[in-house]
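An overview of the molecular structure
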Amino acid sequence: MKRLIAALLLTATPAMAFDISAMSDAEKAAFGDAVREYLMANPEVLVESINVLEERRAATEAENDVALVASNHDAIFQDGYSWVGGNPDGDVTVVEFIDYRCGYCRKFNDQVHDIVEEDGNIRLILKEFPILGPDSETSARFAVAVKQIGGDEAYRKAHDELIALRGAPSPEVLQEIATDIGLNGDEVLNTMNTESVSAVLRENRQLAERMAIMGTPTFVIGDTLLRGMPAAGLEPAVAAAREGKG
């Protein structure tokens, strides 16, 4: 009887639910003992329940993320100021929120760009999202200033330098990078703290807040929001985005 009561509790649907408050104290005690006995004898039930709960939570989060991408579509894919690389006319756009001081951004940088190059039909957008302190902010401001002054190719070169930089982005280091990519270092450094640069970072932060993005790297591919690099890489998400277009 105890096993039957516990099994009914664990498998009951809302329509089958009963009011435990209607039980007497003795019945409640017996019921609790039965549930405990059942779970001790069948601990896998708890694991199954946790797995189901996690699946439901993940499905809900995925649905919410799809809605976030849809409601912020233009700001994500067509902001007019972010760097666009890869194939500008590609059939799938990959957006990455990056922090130049982020170890994972650095770790996966080559992987991201290899995917874009090997695929040949991916449009890549990078959004500076400095969240790891003053050096992150300085690096992001330098990258944005370089793009505003020197354009996309200068930005790409600066990006490669910043993502590989292990020391602090001091004015001397940034001056050297600017000179190496053919820009006036003083002009770039003077532009870093202007409102035009601040506006870009402010827009990126506000977009990240609306989308509950709290870490880097974060990717948007099609209508999918990926909070970190998936173990399987970006290829499955790219393929899914292409299928969705059909």
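Provided above is the structure to which this section pertains.
Given the structure is predicted, the values throughout are model-derived calculations rather than measurements. (Residues numbered from 1 in each chain as written. Predicted model: local features only at pLDDT ≥ 70, side-chain atom pairs only at ≥ 80, totals over all residues. Heavy atoms only, no water.)

Moving on to helix α5 (residues 103–119). Under the 1.5 Å per step criterion, the end-to-end length of α5 is 25 Å for 17 residues, consistent within 8% with the ideal 24 Å. N109 marks where α5 bends most, by close to 40 degrees. Note on α5: the residue one or two positions beyond its end, G120, has a positive phi of about 80 degrees. (Helix = DSSP H or I, 4+ residues; strand = E, 2+ residues; numbered from the N terminus. Expected span 1.5 Å × (residues − 1). Bend = angle between axes of the 7 residues up to and from the residue.)

Moving on, we come to unusual backbone geometry. Excluding glycine, residues mostly carry a negative phi; peptide bonds, for their part, are mostly trans. Following T216, the chain continues to P217 via a peptide bond in cis, the omega torsion being -5 degrees. Along the chain, P217 turns up in the loop between α9 (195–210) and β4 (218–221). For A212, which is not a glycine, the phi torsion comes out positive at approximately 55 degrees. Within the secondary structure layout, A212 lies in the loop between α9 and β4.

In contact at an axis separation of 9 Å, helix α6 (residues 134–164) and α9 are set at 120 degrees when each is read in the N-to-C sense. Comparing their axes, α9 and α6 come out oblique. You can see that α6 and α9 cross each other, and the crossing is right-handed. The residues of α9 that touch α6, namely those facing E137, A140, R141, V144, A145 and Q148, are S196, V197, S198, V200, L201 and R205. Across the contact of α6 with α9, the residue classes tally to six nonpolar, three polar and three charged. (Axes fitted to C-alpha atoms, helices over the stretch in contact; angles between N-to-C directions. Parallel < 35°, antiparallel > 145°, perpendicular 65-115°, else oblique. Left-handed = near helix turned anticlockwise from the far one by under 90°. Contact = heavy atoms within 4.5 Å. Nonpolar A, V, L, I, M, F, W, Y, C, P; charged D, E, K, R; others polar.)

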